[in-house]
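# Survey of secondary and tertiary structure
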Amino acid sequence: MGSASSTLTQYDIEDVQEHCNNLFSQQEIVSLYQRFCQLDRTAKGFISADEFLSVPEFAMNPLSQRLLRMVDGLNFKDFVIFLSAFNPKASMPQKIELIFKVYDSDYNGKVTFNDIMEVLRDLSGSFMSDKQREEVLIKVMQEAGYSKDSSLLVDDFVKILDHPGLKMEVEVPVD
Amino acid sequence: MSKLNLEFDPDHPNIEDYLHTDSIQEPLGKLRLHDLLDISPTLTEAVGAIVDDSFTRCFKSNPPEPWNWNVYLFPLWCLGVVVRYGILFPVRVLILTIGWIIFLSCYIPVHVLLKGHDKIRKKLERALVELICSFFVASWTGVVKYHGPRPCARPKQVFVANHTSMIDFIILEQMTAFAVIMQKHPGWVGLLQSTILESVGCIWFNRSEAKDREIVARKLREHVEGADNNPLLIFPEGTCVNNHYSVMFKKGAFELGSTVCPIAIKYNKIFVDAFWNSRKQSFTTHLLQLMTSWAVVCDVWYLEPQNMRPGETAIEFAERVRGIISVRAGIKKVPWDGYLKYSRPSPKHRERKQQSFADSVLRRLEDK
C-alpha cells in the first residue's frame, strides 16, 4: 500500500485532478492509482485488454468488447478522464457524451441507424433476431421523429437522454 | 512456478446457480427511443467492475502495515530484522532439519519393516506425519489456538475448511492426520505428495484433467465409506483466498451423503500475511517468508457438524456451510468461482444478461 501511493506526489495528483475538472478528490485519485497499478500487472504504464478481461465482472458485461476499444491502452491520466464521466458530480452532458462515444464506433461525431443496431446486437445477443431488432428500432425512432436514414448528433442524444432517470454513477472506494 | 493448491472439484458447478443477476431492470411501460438508447445501467456496471471488483479483492495480498516510519521505531525495526533473519531463521532451519531427520529415520524403517502389519503401520505413520507437521508449525513459531472438539476418524464424515495457503493443511494435519484432496504439484512438494502423504490416504488430481475428476469422485466415495480411513479434509474453494473473503464452494464434498464438519481458519495478520499468492511467489518463497517473520498467529474452529436438510440441494447445502464458516472466521462471502483465476467466465453469464434485456424489450414492445 505504502509504495503505490508514495509514487504519486501532490503535483501529480493535482495535475490529474485538473485534467478531470477536479471531479475526483485527492484520495480518490490515490485510490484509483492503486487500482490502476493492480490491474496493470506487468507495470507497463497502461492496462491491456487482457488485463481488463481478467476482471470477471467486466468480462461478462455485454458491452465489454465495445468499452475495451475505448479504454485499451489508456495511461493513468486518460484512464481517470474516462472514469470521470461516471463521477456523481459530472454533468449530465458529460455523461451523455460518453454514452454517445460508445455508440459512435468510428468516431465521426455521428451515430447512424447501423451504429445503434450494433449496440443492440451486443445487448441482446442471440435472443433477438436482426429482423426483430430492426423492427423495434425503426418503430421507436419514427415515434421519436427520426427516420432510418437520419444520423444522430451529440445534441440529439442530449435531447433524448437528458432526464432525471439517467443515473450513471460509480463511487470510487476510498479506504 | 510450482502451482500448489489444495483443492477439489469432481464436477464443475456453474456460477449462475449462485448469482442472481437482474442488473438490467427498467420500469415497464411503452418502449421509447430513450429507453433503447439508455445504456447507462450496463455501462455503470462495467465501469464499477473496472474501479473495484470483489473477485480481484479475494486474491489481493495485504502486506502487514509497516511500522518503521519514524526515527524511534526505525532502529527497533532494524534490530527486529537482525533478530528475525540472523537468529530466528537459522534456529528454525535447524528445527526443521532435526524434524526431518527424526521423521525420515523413523518413517523409512516403519514403512519397510512393518509391511505385513498394516494396522500398526498405519497408526505409526499417522503419528509421524502429525509429528513432522508439528515441526513445520514450530518452524514459523505457529501460535495456533484450536477451538472445539478434536476430530476423530469415523466413516461417513467429511471435513471442509476455508483455504488461505498450503499451510492450512499443515496446521490442521498437526492435530489430526487428515487425508486431503489436493492438486498434484511439481517439485519437492510433488515428491512428498506421492511418497509420504500417500500413506495417510491423500488423493491427488490435476485441475486441468477432466478424467481425473471422475477418478477423484470415485476415490472419494470409497474413502468416505471405509471405517478405518483417516478423516477426509477438503478445501472446497479449490484455490487459495486471502482470508478476507470466501469464494464459492465446489459442491462435490456436499453430495457424498455424509456429515459435513466445517472448520474455520482465521489468520491474524499482525506479523505476516499467511495468504499464499501463487501467482506472485512459489511455495518455497512463501515458506521462507513465514520462517523469517516473528510468528504465524491463527485460530482454528472445529464447528458443529452439518447434515443435508430434506429438500436441500448440494449447492444450497454448500452455501449454508460456507455461511457458517464465513461468520465464524469473520470473512466475507462473494459469489465467485475461484477457478476464474485460471479461466475466463463462460459466455453463459453474458447470455443471461442479454436474454433479460431482449425479453424486456420484446415484452414492452407488445405492451403498448
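Everything numeric here is computed off the predicted structure, so don't read it as measured data.

Calculation criteria
Residues numbered from 1 in each chain as written. Chains lettered and ligands numbered in written order. Predicted model: local features only at pLDDT ≥ 70, side-chain atom pairs only at ≥ 80, totals over all residues. Heavy atoms only, no water. Core = buried A, V, L, I, M, F, W, Y, C linked by side-chain atoms within 4.5 Å. Buried < 20%, exposed > 50% of the residue type's maximum accessible area, 1.4 Å probe, protein only. Contact = heavy atoms within 4.5 Å. Helix = DSSP H or I, 4+ residues; strand = E, 2+ residues; numbered from the N terminus. Pairing = 2+ DSSP bridges. Phe/Tyr/Trp six-rings, centres within 6.5 Å; stacked < 30°, edge-to-face > 60°. Lys NZ or Arg CZ within 6 Å of the ring centre and 35° of its normal. pLDDT = per-residue confidence, 0-100. Polar contact = N/O pair within 3.5 Å; in protein donor to acceptor, adjacent residues only side chain to side chain. Buried area = accessible area lost by both parts, 1.4 Å probe. Salt bridge = Lys/Arg side-chain N within 4 Å of Asp/Glu carboxyl O. Nonpolar A, V, L, I, M, F, W, Y, C, P; charged D, E, K, R; others polar. Axes fitted to C-alpha atoms, helices over the stretch in contact; angles between N-to-C directions. Disulfide = S-S within 2.5 Å. Expected span 1.5 Å × (residues − 1). Bend = angle between axes of the 7 residues up to and from the residue. Parallel < 35°, antiparallel > 145°, perpendicular 65-115°, else oblique. Left-handed = near helix turned anticlockwise from the far one by under 90°.

Moving on to the nonpolar core. Formed by 72 residues in total, the largest nonpolar core has its most connected members in Phe58(A), Phe82(A), Leu137(A), Phe157(A) and Leu43(B). Beyond its immediate stretch of four places on either side in the chain, Phe58(A) contacts Phe52(A), Leu53(A), Ser64(A), Leu67(A), Leu68(A), Ala46(B), Ala49(B) and Ile50(B).

Bringing the pairing of strand β7 (residues 259–268) of chain B into the picture now. All names here are of chain B. Of all ten residues that make up β7, eight are buried, and the element is covered over most of its length. Sheet topology note: the strand β2 (residues 157–161)/β7 ladder contains five bridges and is parallel. Bridge pairing in β7 links Phe159 to Cys261. For β7 and strand β8 (residues 296–302), the ladder comprises six bridges, and the chain directions are antiparallel. Considered in β8, the bridge of Asn268 is made with Val297.

This next bit is on unusual backbone geometry. All names here are of chain A. Despite not being glycine, Asn21 has its phi angle at roughly 55°, a positive value. Tracing the sequence through the fold places Asn21 in the loop between α2 (10–19) and α3 (26–39). Relative accessible area serves as the criterion here: at 58%, Asn21 is assigned to the exposed category. For Tyr107, which is not glycine, the phi torsion reads 50° and is therefore positive. With respect to the element layout, Tyr107 can be found in the loop between α8 (92–103) and α9 (113–124).

What follows concerns the packing of aromatic side chains. This model, assessed by the stated rule, comprises 19 aromatic pairs over all chains. Linked through ring pairs, Tyr33(A), Phe36(A), Phe76(A) and Phe79(A) together constitute an aromatic cluster. When the ring centre of Phe46(A) is taken as reference, the NZ or CZ atom of Lys44(A) above it lies at 5.2 Å. Above the face of the Tyr339(B) ring, Lys250(B) is positioned so that its terminal group lies 3.7 Å from the ring centre.

Once that is clear, we can look at the confidence of the model for chain B. All names here are of chain B. The share of residues in chain B with pLDDT of 70 or more is 92%, and the mean pLDDT across the chain is 85. The low-confidence segment residues 1–14, where pLDDT is below 50, has 74 contacts with residues more than four positions distant or belonging to other chains. Overall, residues 16–26 carries pLDDT values under 50, and its contacts beyond four positions in sequence, including any with other chains, amount to 20 contacts.

Another aspect to go through is the side chain of Gln193(B). Residue and element names in this part refer to chain B. Mapping Gln193 onto the fold places it in helix α7 (residues 187–195). The class of Gln193 is buried, set by a relative accessible area of 0%. At 3.0 Å, the side chain of Gln193 forms a polar contact with the backbone nitrogen of His185.

Before going further, it helps to examine the interface of chain A and chain B. How big an interface is tends to be expressed through the accessible area that disappears when the partners come together. Counting residues at the interface gives 62 residues for chain A, matched by 44 residues for chain B. Summed over both partners, the interface of chain A with chain B buries about 4800 Å², with 72% contributed by carbon and sulfur atoms. Where chain A meets chain B, there are two salt bridges. Summed over the shared surface of chain A and chain B, the number is twelve residue pairs in polar contact (both at pLDDT 80 or more). For the side of chain A that touches chain B, a count of residues per class yields 41 nonpolar, nine polar and twelve charged.

By way of backbone hydrogen bonds, the strands of a sheet pair with one another, either parallel or antiparallel. Residues and elements named next belong to chain B. Overall, mixed pairing links the seven strands, which are arranged β1-β8-β7-β2-β5-β3-β4 in an open sheet. The sheet terminates laterally at β1 (142–147) and β4 (203–205), the two strands that pair on one side only. Here the strands of the sheet are splayed against their neighbours by 25° on average, with no regard to which way each runs. In the sheet, β2 pairs with strand β5 (residues 232–234) via three bridges, with the strands oriented parallel.

All names here are of chain B. The final tally for this structure, using the stated rule, is zero disulfides over all chains. The cysteine Cys202 is free of any disulfide, with Cys133 supplying the nearest cysteine sulfur at 9.5 Å. Judged by its relative accessible area of 5%, Cys202 is buried.

In this section: helix α4 (residues 73–113) of chain B. Residues and elements named next belong to chain B. Its 41 residues give α4 an end-to-end C-alpha distance of 57 Å, which sits within 8% of 60 Å, the value for a rise of 1.5 Å per residue. Of all the bends in α4, the greatest reaches close to 35° and is centred on Leu88; the proline Pro90 follows between one and four positions later. Next to the buried residues of α4 lie α5 (118–139), α7 and α9 (283–291).

This part covers the pattern of salt bridges. In this structure the tally under the stated criterion is 24 salt bridges over all chains. For the salt bridge of Lys101(A) with Glu97(A), the shortest nitrogen-to-oxygen distance reads 3.8 Å. A residue pair is termed a helical-turn pair when its members lie 3 or 4 positions apart in one helix, as Lys101(A) and Glu97(A) do in helix α8 at four residues. Judged by relative accessible area, Lys101(A) falls into the partly exposed class, the value being 39%. A relative accessible area of 36% means that Glu97(A) is categorised as partly exposed. For Glu45(B), the salt bridge identified is with Lys353(B), shortest N-O distance 2.8 Å. With Glu45(B) in helix α2 (residues 40–51) and Lys353(B) in helix α11 (residues 347–367), this residue pair connects regions lying 308 residues apart in the sequence.

What follows is about the side chain of Asn242(B). Residue and element names in this part refer to chain B. Examined against the element boundaries, Asn242 turns out to sit in the loop between β5 and β6 (245–246). The class of Asn242 is buried, set by a relative accessible area of 0%. Looking at Asn242, its side chain comes within polar contact range of the main-chain oxygen of Lys60, at 2.8 Å. At a separation of 3.0 Å, a polar atom in the side chain of Asn242 contacts the main-chain amide nitrogen of His244. Non-local contacts of Asn242, meaning those with residues more than four positions away in its chain, are made with Arg57, Cys58, Phe59, Lys60, Asn62, Thr164, Lys269 and Phe275.

As a further point, take the packing of α5(B) against helix α6 (residues 167–175) of chain B. Residues and elements named next belong to chain B. Close contact between α5 and α6 brings their axes to 8 Å; oriented N to C, the two are set at 130°. Classified by the angle their axes make, α5 and α6 are oblique. Handedness of the α5/α6 crossing: left-handed. Contacts between α5 and α6 involve Val129, Glu130, Cys133, Ser134, Phe136 and Val137 from the former and Ile170, Ile171, Glu173, Gln174 and Met175 from the latter. Of the residues in the contact of α5 with α6, the class split is seven nonpolar, two polar and two charged.

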